[in-house]
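Here are the chains, one letter per residue:
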Amino acid sequence: MARIPTLSAARGRLKTAGLLASTLVLAASLTACGGGGESAAPAAQNSAGSAVDANAFPTTIEHKYGSTTITQEPKRVVTVGLTEQDALLALGVVPVGVTDWLGKFPGTIGPWATDKLGGAALPEVLKDVDGPQYEKIAALKPDLIIALYSGLTKEQYDKLSQIGVPVVAQPKEYNDYGIPWNEATKKVGQAVGRSTKANELVKGVEDKFAQARKDHPEFAGKSALMASTYEGYFVYGSQDGRSHILESLGFKLPADLDAAIGDKFGKSLSAERTDLLDRDALVWLIDTPAKAQEILGKDALYSGLKVSKEKREVFIENEGTYGSAVSFVTVLSLPYVIDRIVPQLAAAVDGDPKTEVKPAN
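Per an unreviewed UniProt entry, the protein goes by Iron ABC transporter substrate-binding protein and derives from Amycolatopsis lurida NRRL 2430. Quoted straight from UniProt, the Subcellular location (unreviewed entry) entry for the protein says "Cell envelope".

Here you go:
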């Protein structure tokens, strides 16, 4: 799978990813791979940290395709979802396999999370172009497969289940790729028997958001939005993690945002809905500032908006670590993001067009 956060690379592929044909030959190979015998994959290497909670197992997790019961502590976890490795690492669990998204970090572990490896080997990286790599996942001999931040189909879920281990799919309460970071952290904690630590981690990040709101009361009630220049102007909906960042800082999303984009994580706007971009603060996730500013400057509709005239824009480069962390939205990436985006948003909403919104690395 390519890089969802830049959108120019691959959110579209995610949404249109098809299911690999289900065959008896494949089912047999999955069963064989999931069975006994020696595995070339390294054993899970858990970093020092949280202990398993007393009476943590068995535990049952509800999801889009039913429920999954985990009877004992997982030792070999594979993530089919795109961000769950951060929650696992924060809990002291190094997965044996992870699914590639950003395509630029070794083991798909971002710089904000590498210190949590604790000297353990990097997980094996899996791809998702037309669905999960079933045989490779089975060959890793997992005892748990997690797909919380995903768009897993029922057919894909069933096929993963043929491997013979618990599979936790995305929750039914949200759009695909819509699970909030805090709930994802708690569900991962439940799955690996570390709910106590997961709750502590969530509280730590929520406290950091609360401090930012306290330090910047001017954010309260201001309207804000995250967007990209992908296929015109692409905006992120209320269930997308990027939008959650803004709301957690005290901003409000446009009231008619979801009505304009439907039940998706985001959508390209039609020309007549460019008005949605006219916010007190508008965060652009772009490939290069120069290119984005050229595109925006040539658009008479956009240039006429107050957000443009008063320079209330924040430009964040997708290719940098900061841009990647903004799109990742996890218990480990968010503290990194908060430290950088808060001063930028403060400059954007101060009411003075002369105030420069400085770039952050």
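Having seen the structure, we can now continue with the description.
## Considering the overall build of the protein
Counting its regular elements, the protein contains 14 helices and 12 strands. Every one of the 361 residues in the protein was classed for burial, and the buried ones make up 53%. Restricting the contact set of the protein to residue pairs at least 6 apart, pairs at least 24 apart contribute 71%. Total accessible area on the protein is roughly 14,800 Å²; 51% of this is exposed by carbon and sulfur atoms.

## Describing the pattern of salt bridges
Taken as a whole and assessed by the stated rule, the structure comprises 12 salt bridges. As a salt-bridge pair, Asp158 and Lys154 come within 2.9 Å of each other at their nearest N and O atoms. Highlighted residues: Asp158 and Lys154, both in helix 5 (residues 154-161), separated by four residues, approximately one helical turn. Under the relative-accessibility criterion, Asp158 is labelled partly exposed at 33%. Linked by salt bridges that have partners in common, Glu73, Lys75 and Arg194 make up one network.

## Some details on the confidence of the model for the protein
Model confidence for the protein is summarised by a mean pLDDT of 88, while 86% of its residues fall at 70 or above. Looking across the protein, the model is least confident in helix 1 (residues 11-16), with a mean pLDDT of 37, and most confident in strand 6 (residues 144-146), with 99. Below a pLDDT of 50 lies the segment residues 1-44, which in the model reaches 102 contacts outside its immediate sequence neighbourhood of four places, other chains included.

## A look at the layout of surface pockets
Roughly 530 Å³ of volume is contained in the largest pocket. In terms of lining, the largest pocket is formed by 27 residues, of which the most central are Pro289, Gln293, Val314, Phe315 and Val357. Of all elements in the fold, only helix 10 (289-297), helix 11 (300-303), strand 12 (313-317), helix 13 (321-328) and helix 14 (333-348) reach the threshold of two or more residues within the lining of the largest pocket. Looking at which element gives the most residues to the lining of the largest pocket, the answer is strand 12, with five residues. In terms of residue class, the lining of the largest pocket is made up of 12 nonpolar, 10 polar and five charged.

## A closer look at the nonpolar core
Formed by 74 residues in total, the largest nonpolar core has its most connected members in Trp112, Met226, Leu249, Phe251, Ile341 and Leu345. Counting residues per element, this core draws most heavily on helix 14, at 10 residues. Two domains each provide a minimum of three residues to this core, namely domain 1 (59-194) and domain 2 (216-349). The residues contacting Leu249, other than those within four sequence positions of it, are Phe209, Ala212, Arg213, Phe219, Ile341, Val342 and Leu345. Core analysis: the second largest hydrophobic core is formed by 19 residues, Leu225, Ile261, Leu276 and Tyr302 among them.

## Points about the packing of helix 7 (residues 195-215) against helix 14
Two numbers describe how helix 7 lies on helix 14: the axes approach to 10 Å, and their chain directions differ by 10 degrees. Our classification of the angle between helix 7 and helix 14 gives roughly parallel. Side by side, helix 7 and helix 14 meet where Val205, Lys208, Phe209 and Ala212 of the first sit next to Leu334, Pro335, Ile338, Asp339 and Val342 of the second. Here the contact of helix 7 with helix 14 is built from residues that sort into seven nonpolar, no polar and two charged.

## Focus: helix 5
Within helix 5 the residues assigned to the buried category are Gln156, Tyr157, Lys159 and Leu160. For helix 5, the arc enclosing every buried residue in end-on projection is 165 degrees, short of the 170-degree limit, so these residues lie on one face.

## Concerning the side chain of Gln344
Within the secondary structure, Gln344 is located in helix 14. When its relative accessible area of 3% is taken as the criterion, Gln344 is described as buried. Separated by 2.9 Å, the side chain of Gln344 and the backbone oxygen of Lys358 make a polar contact. Apart from residues no more than four positions distant in its own chain, Gln344 is found in contact with Val314, Phe315, Ile316, Tyr322, Val357, Lys358, Pro359 and Ala360.

## A short note on the side chain of Thr59
By the secondary structure assignment, Thr59 is in strand 1 (residues 59-63). At 2.8 Å, the side chain of Thr59 forms a polar contact with the side chain of Gln190. If sequence neighbours within four positions are ignored, Thr59 has contacts with Thr68, Thr69, Ile70 and Gln190.

## Topic: the pairing of strand 11 (residues 281-286)
Among the six residues of strand 11, six are classified as buried, and the element is accordingly described as predominantly covered. The pairing of strand 8 (residues 224-228) with strand 11 spans five bridges and is classified as parallel. In the sheet register, Leu225 faces strand 11, and the bridge partner there is Leu282.

## Topic: the packing of helix 13 against helix 14
Contact geometry for helix 13 and helix 14: axes closest at 9 Å, N-to-C directions at 110 degrees. As the angle between them shows, helix 13 and helix 14 are arranged roughly perpendicular. As for the relative orientation of helix 13 and helix 14, their crossing is left-handed in sense. Between helix 13 and helix 14, the residues in contact are Thr321, Tyr322, Ala325, Val326 and Phe328 and Ser333, Tyr336, Val337, Arg340, Ile341 and Gln344, respectively. A breakdown of the residues in the contact of helix 13 with helix 14 according to their chemical character gives seven nonpolar, three polar and one charged.

Basis of the calculations
Residues numbered from 1 in each chain as written. Predicted model: local features only at pLDDT ≥ 70, side-chain atom pairs only at ≥ 80, totals over all residues. Heavy atoms only, no water. UniProt positions renumbered as here; feature names shortened; annotations may be inferred. Helix = DSSP H or I, 4+ residues; strand = E, 2+ residues; numbered from the N terminus. Buried < 20%, exposed > 50% of the residue type's maximum accessible area, 1.4 Å probe, protein only. Contact = heavy atoms within 4.5 Å. Areas by Shrake-Rupley, 256 points an atom, 1.4 Å probe, with all protein chains shown as cover. Salt bridge = Lys/Arg side-chain N within 4 Å of Asp/Glu carboxyl O. pLDDT = per-residue confidence, 0-100. 1 Å grid on protein atoms, 1.4 Å probe; cavity = no way out; pocket = protein on both sides within 12 Å on 5 of 7 lines; lining within 4 Å. Points joined across faces, edges and corners; volume = space filled by probe spheres on them. Nonpolar A, V, L, I, M, F, W, Y, C, P; charged D, E, K, R; others polar. Core = buried A, V, L, I, M, F, W, Y, C linked by side-chain atoms within 4.5 Å. Domains from an automatic or database assignment. Axes fitted to C-alpha atoms, helices over the stretch in contact; angles between N-to-C directions. Parallel < 35°, antiparallel > 145°, perpendicular 65-115°, else oblique. Arc of directions from axis to C-beta. Polar contact = N/O pair within 3.5 Å; in protein donor to acceptor, adjacent residues only side chain to side chain. Pairing = 2+ DSSP bridges. Left-handed = near helix turned anticlockwise from the far one by under 90°.

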